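Spelled out, the chains give:
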Amino acid sequence: MSKSIIAKRNEAVAGRESKNAALPRPVRWVLAGLSLSMLLSSLGTSIANVGLPTLAQAFNASFQAVQWVVLAYLLAITTLIVSAGRLGDILGRRRLLLAGIFLFTAASVLCGLAPTLWLLIAARAAQGLGAAVMMALTMAFVGEAVPKEKTGSAMGLLGTMSAVGTALGPSLGGFLIAGFGWRAIFLVNTPLGILALLLVYRYLPVDRRGPKTGRNRFDHLGTLLLALTLAAYALAMTIHHDDGRSGFGRLNMALLLAAALGTGLFVLAEAKVASPLIRLATFRDPGFGASLAMNVLVSTVMMATLVVGPFYLSRALGLSAALVGLALSMGPVISALSGVLAGRMVDRFGASFMIVAGLIAMAAGSMALTVLPAMFGIAGYIAAIAVLTPGYQLFQAANNTAVMMGVHPDQRGVISGMLSLSRNLGLITGASVMGAVFALAAAATDITRARPEAVATGMQVTFAVAAILVIVALAMAIGSRARATRLARLAHPEDLS
């Protein structure tokens, strides 16, 4: 009896020491490779936007045509990210991640050398496929390569690199175009991609070969249905009228109906397949469904800052283009600075508690955006963003940790892909829905010509709606936490005595 007590005490001491110890050097190099992969995929999303006017001029094309340079990348990621995760679970995640980084790097070279717009768009779609693999598998590797007590810190670091990529894109893109021309915004990925490839090849653990069973077959029908469904939804949310106005037309509604039909067909197909792309039983866990739904809502809110912010700062506050850019960069910069700290707080205080804390901070930040900018101008806007964005980073690190900690090893890729997909769907939805709320509240058909007072009203209403969305997410988090506690008590009634 005394031996078991001593053994338990030694285990507890060892656990505390490992918790306080720095990460082993190989693990740090693994995280460096994964972080670089996350940086590249997020940089690929944001760096091309700033080059659209230059591309329209270079290829003598309409703005609607060059928008497909951004859309092709976004659609490839959205439609294929879950399938990429599942394929990693079957074929081996290290092998597939290496292939994804190689494809992303090679496609970046093709983008930089493209002689025509349509070849550039095709290369961007290939680059998006590589990015889908990178996004889907980076989080999956945290469960394999990082000690459990450091999972939150690793997730916080990945969140930081994603924020750095988003923040760096517009400024780096503008600098490269001015100095070297538009081709440089794609070619800059080449040396970074090669470095990521070397780090992943050298330090990531080799794939373990498990026994081949029927559960390891790839679901071709499910993959096709999900890809078509997500493509229809993404296009419905991003496609515009021929004159460039946003808003829902007949084509948008037809695409939404196609997405709804595709969802139904996908669920039916998954129920009948022996080895489904997504196991529907996964959604019986209320915590998992709540985590995905919260991710969508929170990302929708964060997109509102990028959609509404530029119009409010330029039209209502009358800032110059340079000051607008500076003010908008504050959000991603604060997000990048708070990411690692958020991860450490998750490790220390627990994921479920930090999810609630992050959402409370986001709700406070959203409410502050309805009041502070009107009272204090640009200082009020930055103060509100300084509350909202660390809350978002805290939520992301905690939510990703909570989901990935409980995942069976053979499902890490697909679950990681679903987490990334839910974030992307939130960003796509936020761009369309929150933009529509803003335009409706401002009572303006053309927001670029709206009066400053109307733009200010639009801003207040949009972030009042954003605050409601965060409160809904908060209710989900509290409900999920209470349900998990209740189930734990039922499963272990002896703990109550």
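Look up a bit, the structure's there.
So, here's what we can say about the structure. (Residues numbered from 1 in each chain as written. Predicted model: local features only at pLDDT ≥ 70, side-chain atom pairs only at ≥ 80, totals over all residues. Heavy atoms only, no water.)

**Description of the overall build of the protein chain**
Now for step 1: Within the protein chain, the regular secondary structure consists of 18 helices and 0 strands.
Now for step 2: Looking at the protein chain as a whole, 49% of its 497 residues qualify as buried.
Now for step 3: Intrachain contacts of the protein chain at a sequence separation of at least 6 include 82% that bridge at least 24 residues.
Now for step 4: Accessible surface, the protein chain as shown: approximately 22,900 Å² in total, 68% of it carbon and sulfur. (Helix = DSSP H or I, 4+ residues; strand = E, 2+ residues; numbered from the N terminus. Buried < 20%, exposed > 50% of the residue type's maximum accessible area, 1.4 Å probe, protein only. Contact = heavy atoms within 4.5 Å. Areas by Shrake-Rupley, 256 points an atom, 1.4 Å probe, with all protein chains shown as cover.)

**Here's the deal with the nonpolar core**
One broad rule of soluble globular proteins: the nonpolar side chains tend to lie buried together.
Now for step 1: Residues Ile81, Val82, Leu97, Ile278 and Ile415 are the most contacted members of the largest nonpolar core, which totals 66 residues.
Now for step 2: Of all the elements, helix 7 (residues 117-145) adds the most residues to this core, at 11 residues.
Now for step 3: When neighbours within four sequence positions are excluded, Ile278 is seen to be in contact with Val82, Leu226, Phe266, Glu270, Phe283, Val414 and Met418.
Now for step 4: Residues Tyr312, Met354, Leu369 and Leu474 belong to the second largest nonpolar core, which totals 46 residues. (Core = buried A, V, L, I, M, F, W, Y, C linked by side-chain atoms within 4.5 Å.)

**Focus on the packing of aromatic side chains**
The relation between two aromatic rings is expressed through the spacing of the ring centres and the mutual angle of the planes.
Now for step 1: By the definition in use, this model includes 4 aromatic pairs.
Now for step 2: Look at Trp182 and Phe186: their rings are 6.2 Å apart centre to centre, the planes differ by 75°, and that puts the pair in the edge-to-face class.
Now for step 3: The buried category is assigned to Phe186, whose relative accessible area is 0%.
Now for step 4: Each ring, one from Phe311 and one from Phe438, has its centre 6.1 Å from the other, and the planes form 35°; the classification is tilted. In this pair, Phe311 is assigned in helix 13 (residues 286-316) and Phe438 in helix 17 (residues 412-441), connecting sequence segments 127 residues apart.
Now for step 5: Taking relative accessible area as the criterion, Phe311 reaches 26% and is therefore assigned partly exposed.
Now for step 6: Put simply, the rings of Phe59, Trp182 and Phe186 pair up and form one aromatic cluster.
Now for step 7: Looking at Arg202, its charged tip hangs above the ring of Tyr203, at a distance of 4.9 Å from the centre. (Phe/Tyr/Trp six-rings, centres within 6.5 Å; stacked < 30°, edge-to-face > 60°. Lys NZ or Arg CZ within 6 Å of the ring centre and 35° of its normal.)

**Some words on unusual backbone geometry**
Now for step 1: Of note in this structure, Asn60 is not a glycine but carries a positive phi near 50°.
Now for step 2: Judged by its relative accessible area of 73%, Asn60 falls in the exposed class.

**Some thoughts on a nonpolar patch on the surface**
Now for step 1: A surface patch of nonpolar side chains, about 300 Å² in accessible area, is lined by Leu261, Leu265 and Leu268.
Now for step 2: Within the fold, Leu268 resides in helix 12 (residues 250-272).
Now for step 3: Overall, Leu268 belongs to the exposed group, its relative accessible area being 53%. (Patch = residues over 30% accessible without salt bridge, like charges linked within 9 Å, V, L, I, M, F, W, Y side chains within 5 Å. Salt bridge = Lys/Arg side-chain N within 4 Å of Asp/Glu carboxyl O.)

**Let's talk about helix 12**
Now for step 1: Compared with the 33 Å implied by 1.5 Å per residue over 23 residues, the 34 Å span of helix 12 between its first and last C-alpha is a close match.
Now for step 2: Turning to helix 12, its buried residues are Asn252, Leu255, Ala259, Gly262, Phe266, Ala269 and Glu270.
Now for step 3: Close packing links the buried residues of helix 12 with helix 11 (220-238). (Expected span 1.5 Å × (residues − 1).)

**Some points on the side chain of Gln393**
Now for step 1: Looking at the secondary structure, you find Gln393 in helix 16 (residues 378-405).
Now for step 2: Excluding anything up to four places from it in sequence, Gln393 contacts Gly159, Thr160, Ala163, Ser335, Ala336, Ser338, Gly339 and Ala342.

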